[in-house]
Every structure is written in structure tokens, then in C-alpha cells.
Amino acid sequence: MIGTAAGDNLQKYLESADCVLQRIILCNCQIGGDSTLLVAAARCPTMLEMNVSRNPFSDLAGLNLCAAIASSSSLRHLDISFLKLAPRVIEAIVAATFRSDNKQDMTLVLNGNDLGEEVGAKIASLLSGCDSIHKLHLDNCELSQSSIMLILKCLTGRKIVKLSLAGNVLEGEQRSKAEVDTLAQTLAAFIRETKTIEELSIADNGTARAKIDILPMVEMMKQGHGKLLKTLDIQGNSLGDEGIVALADHLVQNTTLHSLFLDHNNIKVCIRILYDHR
């Protein structure tokens, strides 16, 4: 927790010509309604990375932060995870993040914000045509399948290096075979056309009633796409043996994948399969 006196002193330093800070972590500091410290940090001309996650500041404070973020030409990493802001305010901050033409190689962390389907779709629209996004974290954001597919489609072919969409299956969600097939083809297209992707997480997005099919994506990998992919997290998706068998078959020729997460997938033969393909 940052006290009033400490906050005032930090704000004065951030606003001074002597400030050369490049990284500030204000995670879980109990920053409340007053946004002046946050605005000062975002406006600091040397600031590259800013983490204000897990703070109970108000929607008004979040909106005040937007203008400061939009005017920054230095900010490259913004973490606004687990805030209690209205979804529309998160949307406004995302819009502000990409408003400046000077933004390059931007990392945006939005984990744990209950965005919902509508705002998820709006964020996907903001990402469309954006080549400045470098890494995007949207874990546990209450996104529906339609929002996930829109985000994947809007980022397909872009210069993104890391995309994490873990934990977005909705309680009670069901998917028809057509919906499963559409999501599978969307993932496959993302792998085929996004040449820069190095880390991909779709963990905890599948259940027995809301399945995920990775076979088309694996087929793209077998054809030589996704050559830079180093980390693949598909745990917690109830994939069963069929998808893992296909993935194991691909691993025979894969020389780039360093980390593979397979936990909680109702797999019976995984250990033997991976041993046979070592």
C-alpha cells in the first residue's frame, strides 16, 4: 500500500525533469479513486513499462488514464490485470493504447477483467489492422467463443509474438459441431498465416460440452507453418487421445517447440505416445 505522503512524493518525482524511470510496478498498492499518480506515471517521457494491476481505482480514474496513455510515445508494456473497472473503461484504455502512431512492439496484459462478449468483440475490432501489438494476454476475461474467434481473426497475419487466451470457456457453454469446426479452422488459419508467433495459449477453453479440435492446427504445423512457435499451452481442454496422437506425430519433425503443456486433457496414452516419438 502506498501512503498519501509517499504517493505525493512519487508523483512529484514522476512529473519532474529529473525523472528517468523506465519501469514502474504499482501492483496491488491500494490506489483508489485519485488517478493523478497513474497519470503522472503514464506521462513520464522515459516510461517503458507500467503495471497498475489489482488496484481498486474508479472508472473515472481509468478514463483519466486514457489521455495520458494515448499521448505517450515511450510506453511499450501496460498491465491492467484484475481491475474492478467497467468493461467499457477497459475498452477505452485499450483504444488509447493503440491511438498513437508511435506505439511499437506493445505488450498489453488484460488478464482477469470480466470483459464479456460485446467488449471482447470491440477489442478485437481495435486490434484489426494493428501491427504494433507484440504480446497480448487475455486470460480469464469471460470471453465467449465468438469473441475468441474474432480476436484470432483480427490478429491473423499480424506481427504478434505471444497470444494468451486461456480460461475463457463460459460456465455451461456448449458448442455445436459446426461451432467446433469453425473455431478449429480459425486456429489453423492463425498458425498458417501468423509467421511471427512464438507463444500461444488456448488453455482451459474446452470442456466435454464445449470441445476444442486441434487437428487442423496440428496439420498446419505438420505442413511447416508456425515455424517460430516455441511454447504451446493446450492444457485443460478435454482433447482426448486423438488430438494428442496427431500432435505427437508432428513432434517427430518439429525442432523449434521448447515447451508443451498438456495437463487435464483426458489423455490415456500420452506418455507412451511421446516416448515412442522421442
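Residues numbered from 1 in each chain as written. Predicted model: local features only at pLDDT ≥ 70, side-chain atom pairs only at ≥ 80, totals over all residues. Heavy atoms only, no water.

A. Focus on the overall build of the protein. Helix and strand content of the protein: 10 helices and 9 strands. Against the compact-globule benchmark of 19 Å for 278 residues, the protein has a radius of gyration of 20 Å, which places it among compact chains. Oriented by its inertia axes, the alpha-carbon framework of the protein measures out at about 60 × 40 × 30 Å. Split into buried and exposed, the 278 residues of the protein put 50% on the buried side. (Helix = DSSP H or I, 4+ residues; strand = E, 2+ residues; numbered from the N terminus. Rg over C-alpha atoms; globule rule 2.2 N^0.38 Å. Buried < 20%, exposed > 50% of the residue type's maximum accessible area, 1.4 Å probe, protein only.)

B. Structural context of unusual backbone geometry. Of note in this structure, Asn28 is not a glycine but carries a positive phi near 55°. For Phe82, which is not glycine, the phi dihedral falls at a positive 50°. Position of Phe82 relative to the elements: it lies in the loop between strand S3 (77-79) and helix H4 (87-97).

C. View of the pairing of strand S5 (residues 133-137). Across 4 bridges, the pairing between strand S4 (residues 106-109) and S5 is parallel. By the bridge assignment, Met106 is partnered in S5 with Ile133. Once you follow S4 into helix H5 (residues 116-127) and on to S5, the crossover reads as right-handed. Relative to strand S6 (residues 162-164), S5 runs parallel, the two sharing 3 bridges. Across the sheet, Leu136 pairs through a bridge with Leu163, a residue of S6. Read as a crossover between parallel neighbours, the route from S5 over helix H6 (residues 145-155) to S6 is right-handed. (Pairing = 2+ DSSP bridges. Right-handed = clockwise from strand over helix to strand, strands pointing away.)

D. Representation of the sheet that holds strand S9 (residues 259-261). Ordered by their spatial adjacency, 9 strands build an open sheet running S1-S2-S3-S4-S5-S6-S7-S8-S9, and the pairing between neighbours is parallel. Edge positions in the sheet fall to strand S1 (23-25) and S9, since each of these pairs with one other strand and no more. The mean inter-strand angle of the sheet, taken between neighbouring strand axes irrespective of direction, is 5°. Bridge count between S3 and S4: 3 bridges; the pairing is parallel. The residue bridging His77 from the neighbouring strand is Thr107, located in S4. (Axes fitted to C-alpha atoms, helices over the stretch in contact; angles between N-to-C directions.)

E. Here's a closer look at the nonpolar core. Counting 80 residues, the largest nonpolar core has Met50 and Leu163 as the members making the most contacts within it. Beyond its immediate stretch of four places on either side in the chain, Met50 contacts Ile24, Leu38, Ala41, Ala42, Leu65, Leu75, His77, Leu78 and Asp79. (Core = buried A, V, L, I, M, F, W, Y, C linked by side-chain atoms within 4.5 Å. Contact = heavy atoms within 4.5 Å.)

F. Quick look at H6. A large share of H6 lies buried, amounting to 8 of its 11 residues. Those residues of H6 that sit buried are Gln145, Ser147, Ile148, Met149, Ile151, Leu152, Cys154 and Leu155. Looking at the buried residues of H6, the elements they touch are H5, S5, S6 and helix H7 (177-193). A positive backbone phi angle near 85° is found at Gly157, which sits one or two residues after H6.

G. Quick look at the environment of Phe82. Accessibility expressed as a relative area gives 35% for Phe82, which makes it partly exposed. Each C-alpha atom, one on Phe82 and one on Lys162, is 20 Å from the other, the two residues being 80 residues apart in sequence. Dropping the residues within four chain positions of it, Phe82 is found in contact with Arg54, Asn55, Asn111, Gly112 and Asn113.

H. The arrangement of helix H9 (residues 240-251) in detail. Over its 12 residues, H9 extends 17 Å from the first C-alpha to the last, a length consistent with the 16 Å expected when each residue adds 1.5 Å. Every buried residue belonging to H9 is among Gly240, Gly243, Ile244, Ala246, Leu247, Ala248 and His250, and all of these are buried. (Expected span 1.5 Å × (residues − 1).)

I. Inspection of the confidence of the model for the protein at higher detail. For the protein, per-residue confidence averages 88 on the pLDDT scale, and residues scoring 70 or more make up 92% of the total. The element-level mean pLDDT for the protein is lowest in helix H10 (residues 270-276), coming to 51, with S6 highest at 98. (pLDDT = per-residue confidence, 0-100.)

J. Quick peek at the packing of helix H8 (residues 215-222) against H9. At a minimum axis distance of 10 Å, the contact between H8 and H9 shows a crossing angle of 5°. With respect to H9, the axis of H8 lies roughly parallel. Residues Leu215, Val218, Met221 and Lys222 of H8 form the contact with H9, whose participating residues are Glu242, Gly243, Ala246, Leu247, Asp249 and His250. In the contact of H8 with H9, the residues fall into 5 nonpolar, 2 polar and 3 charged. (Parallel < 35°, antiparallel > 145°, perpendicular 65-115°, else oblique. Nonpolar A, V, L, I, M, F, W, Y, C, P; charged D, E, K, R; others polar.)

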